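# Summary of structural features
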Amino acid sequence: MRRGVFWLLLILLVAALALALAVGPYPLRLADVTHTVMRALGLEAGLSTPGEIAFGRVRLPRVVAGLVVGAALSGAGAAYQTLFRNPLVSPDILGVATGAGLGAVVGILLSLPVAGIQVLAFAGGLATVAVVYLIAAALRGHDRTLVLVLGGVVVGALAGACISLVKIMADPYDQLPAITFWLLGSLAAVKMSDLAVAAPLVVAGLVPLVLYRWRVGVLSLGDDEARALGVDVGRLRGLVIAAATLMTASVVAIAGVVGWIGLMIPHIARMLIGPNFARLLPASMLLGAAFMLVVDTAARSMARVETPLGILTAVLGAPFFLWLLARGKKTWG
Amino acid sequence: MTLMRLEARDLAIGYPGHLVGRDIALALEPGEILCLLGPNGAGKTTLFRTLLGLQPPLGGAVLIDGMPLADLARAEIARRLAYVPQAHLTEFSYSVLDVVLMGRTARLRAFASPGAADERVALAKLAMLGIRELASHDYTRISGGQRQLALIARALAQEAPILVLDEPTASLDFGNQALVLARIRALATEGFGIVLSTHDPDHALMVGTRVAVIADGGLRAVGPPAEVVTPAMLSAIYRTAVLVEQTPSGHRVCVPAWEKAGAS
């Protein structure tokens, strides 16, 4: 049955991939795709057709970005939820997204090039989590999980205030729209060169999660029990937070703040495959990638103007969150 | 299973700046059941956490076969000492088998997941406790008594010779209390060294080979149940008059010494 779920998710992903490649403002023909592939293999020369350019430079990077962003946010979300023993936490629980947002808006305010904005976003996300972690380390003798989460809320609120300050200082005609759009998340501006940087970082974060997949699940029993079962809790928790933060910050840096996915997807995956982290992680990533592709396809085709991703995911995510609360179970799927 | 000995030597327990108990000396031989009695807030939990190496002692040492816990890595401790917490709910709906398999963690290499051999061990332990048929059930939906047995199975899957059980009969109904106590006694006859805390002195009389009383910041008494579980001792630590009486079937039981209604 479990294998069946994975096959189902894989089929879902392939279908989403086909949909995302086929649908968009510029109608593509299958020939554009085959020509692009031939050209990449060096089997075809000459001028590219407009369709090939639209496919190779716009559609393909965007679809790959959708895959990477969706998989990374969902994988990180699964890790955080297991670690914090709470299905209501998301990859930005420790302030990653807000910190990255602050870095990016500062970059926009300083009129930095796109790469500069991304570096600042990435640094901002990592720095925020580092501060939260140091706060938790300094406040010994309290419940570690609680201190981490509350620290994330406090530092995130502070970063949010700084973002508001930057918005006031920004040029209202040029910079402010860019800031607003970035804070709502979009795959429209992602280029292959961005992905070449972000994807390896996502993989680097994923490696420890895959290697320690069993022990991460044991952490969900709580600190005392995990330690009594032989897990070095402090070290593993630090590693998991670092890995999931790296994955989140890498994709937030290229796609902006895409909320809700990291909260919703691991939960749905858990309902499909169970809470065992070794299975939850791949299931979440497959489902998250498929979901992101579908949402992004909707974002670019629903209206004449591109709809920010954050708006779509919030419209879906907020009711989902309320539904989770309303179920009122003592334990979670 | 290698049999092992647990010892607390001149132990001082508590948190930095707050001493809970001192001069605690205990020893647990294989096959023994040491019952820990004490009123609420006397420091049973702190002593437990210290015995398990979950919090450092303020003084003295906990030793397993003469080796201080402080010198052992977490996995090394877990291969010697297994912890059975009070039956609780997990946040996520693990299957009973999943929960028991987590007991194999200390036996696995760092990057490994449990394999078919571990699964066989886990199922064997479930069978040993008579709940083999619950393996695929949702751990959060079985009864409290079954959950407690599943946690004992998890500790057995750890294959540690010493078991430390935190109030294993708390929140269980009468039948399940008797069931869990019977399993614990059976484990001791197999050579496990067992430490358990309880609020019920009757349970200490039923299964304990030795009883330790924690009160007033230290170890108040240790010894055979018949010597420690006395009206004087119980009345003193629980601050209410207690009688210890013999039933016609030969069991000793504790009862509060109320004046009988209508007797006066």
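For the structure itself, look to the data block above.
These remarks concern the structure in this document. (Residues numbered from 1 in each chain as written. Chains lettered and ligands numbered in written order. Predicted model: local features only at pLDDT ≥ 70, side-chain atom pairs only at ≥ 80, totals over all residues.)

### Things to note about the overall build of chain B
For chain B, the helix and strand inventory stands at nine helices and twelve strands. A globule of 264 residues ought to have a C-alpha radius of gyration of about 18 Å, and chain B, at 19 Å, matches this closely. Across its three principal directions, the C-alpha atoms of chain B cover 65 × 45 × 35 Å. Per-residue burial for chain B yields a buried fraction of 46% across its 264 residues. (Helix = DSSP H or I, 4+ residues; strand = E, 2+ residues; numbered from the N terminus. Rg over C-alpha atoms; globule rule 2.2 N^0.38 Å. Buried ≥ 20, exposed ≤ 12 C-beta atoms within 10 Å, placed from the backbone.)

### What to know about the overall build of chain A
Each helix and strand in chain A was counted, giving 14 helices and zero strands. Secondary structure elements in chain A, listed N-terminal to C-terminal, are α-α-α-α-α-α-α-α-α-α-α-α-α-α. Its C-alpha radius of gyration of 20 Å places chain A within 12% of the 20 Å reference for a compact globule of 333 residues. For chain A, the spread of C-alpha atoms along the principal axes amounts to about 65 × 55 × 40 Å. Here chain A, with 333 residues, has 49% of them falling under the buried criterion. Considering only residue pairs separated by 6 or more positions, chain A has 76% of its internal contacts joining residues 24 or more positions apart. (Contact = placed C-beta atoms within 7 Å.)

### Remarks on the interface of chain A and chain B
On the chain B side, the residues contacting the 25 residues of chain A number 24 residues. Those elements giving two or more residues to the side of chain A that touches chain B turn out to be helix 9 (213-219) and helix 10 (223-228) of chain A. Each residue belonging to the side of chain A that touches chain B can be placed in one class, and the counts come to eleven nonpolar, six polar and eight charged. (Nonpolar A, V, L, I, M, F, W, Y, C, P; charged D, E, K, R; others polar.)

### Side note on unusual backbone geometry
Residues and elements named next belong to chain B. Unusually for a residue other than glycine, Asp 10 sits at a positive phi of about 45°. Position of Asp 10 among the secondary structure elements: in strand 1 (residues 6-15). Phi is positive for Asp 65, close to 50°, though the residue is something other than glycine. You can see Asp 65 is positioned in the loop between strand 4 (59-64) and strand 5 (67-68).

### Some remarks on the pairing of strand 10 (residues 218-223) of chain B
The pairing of strand 9 (residues 210-215) of chain B with strand 10 of chain B spans five bridges and is antiparallel. Counted as the bridge partner of Val 211 of chain B is Gly 223 of chain B from strand 10 of chain B. (Pairing = 2+ DSSP bridges.)

### Structural notes on helix 1 (residues 44-51) of chain B
Residue and element names in this part refer to chain B. Within helix 1, six of the eight residues are buried, leaving the element largely enclosed by the surrounding structure. Where helix 1 is concerned, the buried positions are Lys 44, Thr 46, Leu 47, Phe 48, Thr 50 and Leu 51. At the exit of helix 1 stands Gly 53, carrying a positive phi of roughly 75°.

### Quick notes on the packing of helix 3 (residues 50-83) of chain A against helix 12 (residues 261-273) of chain A
Residue and element names in this part refer to chain A. Their axes nearest at 8 Å, the elements helix 3 and helix 12 cross at an angle of 70°. Between helix 3 and helix 12, the angle is such that the two are roughly perpendicular. Between helix 3 and helix 12, the residues in contact are Gly 70, Leu 73, Ser 74, Ala 76, Gly 77, Ala 78 and Gln 81 and Ile 261, Gly 262, Leu 263, Ile 265, Pro 266 and Ala 269, respectively. Across the contact of helix 3 with helix 12, the residue classes break down as eight nonpolar, five polar and no charged. (Axes fitted to C-alpha atoms, helices over the stretch in contact; angles between N-to-C directions. Parallel < 35°, antiparallel > 145°, perpendicular 65-115°, else oblique.)

### Concerning the packing of helix 2 (residues 30-40) of chain A against helix 3 of chain A
Residue and element names in this part refer to chain A. Running from amino to carboxyl end, helix 2 crosses helix 3 at an angle of 70°, the nearest separation of the two axes being 9 Å. Taken together, the axes of helix 2 and helix 3 lie roughly perpendicular to each other. Between helix 2 and helix 3 lies a crossing of right-handed hand. Mapping the contact onto sequence places Asp 32, Val 33, His 35 and Thr 36 in helix 2 and Gly 51, Glu 52, Phe 55 and Gly 56 in helix 3. (Left-handed = near helix turned anticlockwise from the far one by under 90°.)

### Concerning the nonpolar core
Judged by nonpolar contacts, the single largest core of 182 residues is most densely connected at Val 251 of chain A together with Val 164 of chain B. Filtering out sequence-adjacent residues up to four positions away, Val 251 of chain A remains in contact with Val 68, Val 69, Ala 72, Leu 73, Ala 198 and Val 202 of chain A. (Core = buried A, V, L, I, M, F, W, Y, C linked by C-beta atoms within 7 Å.)

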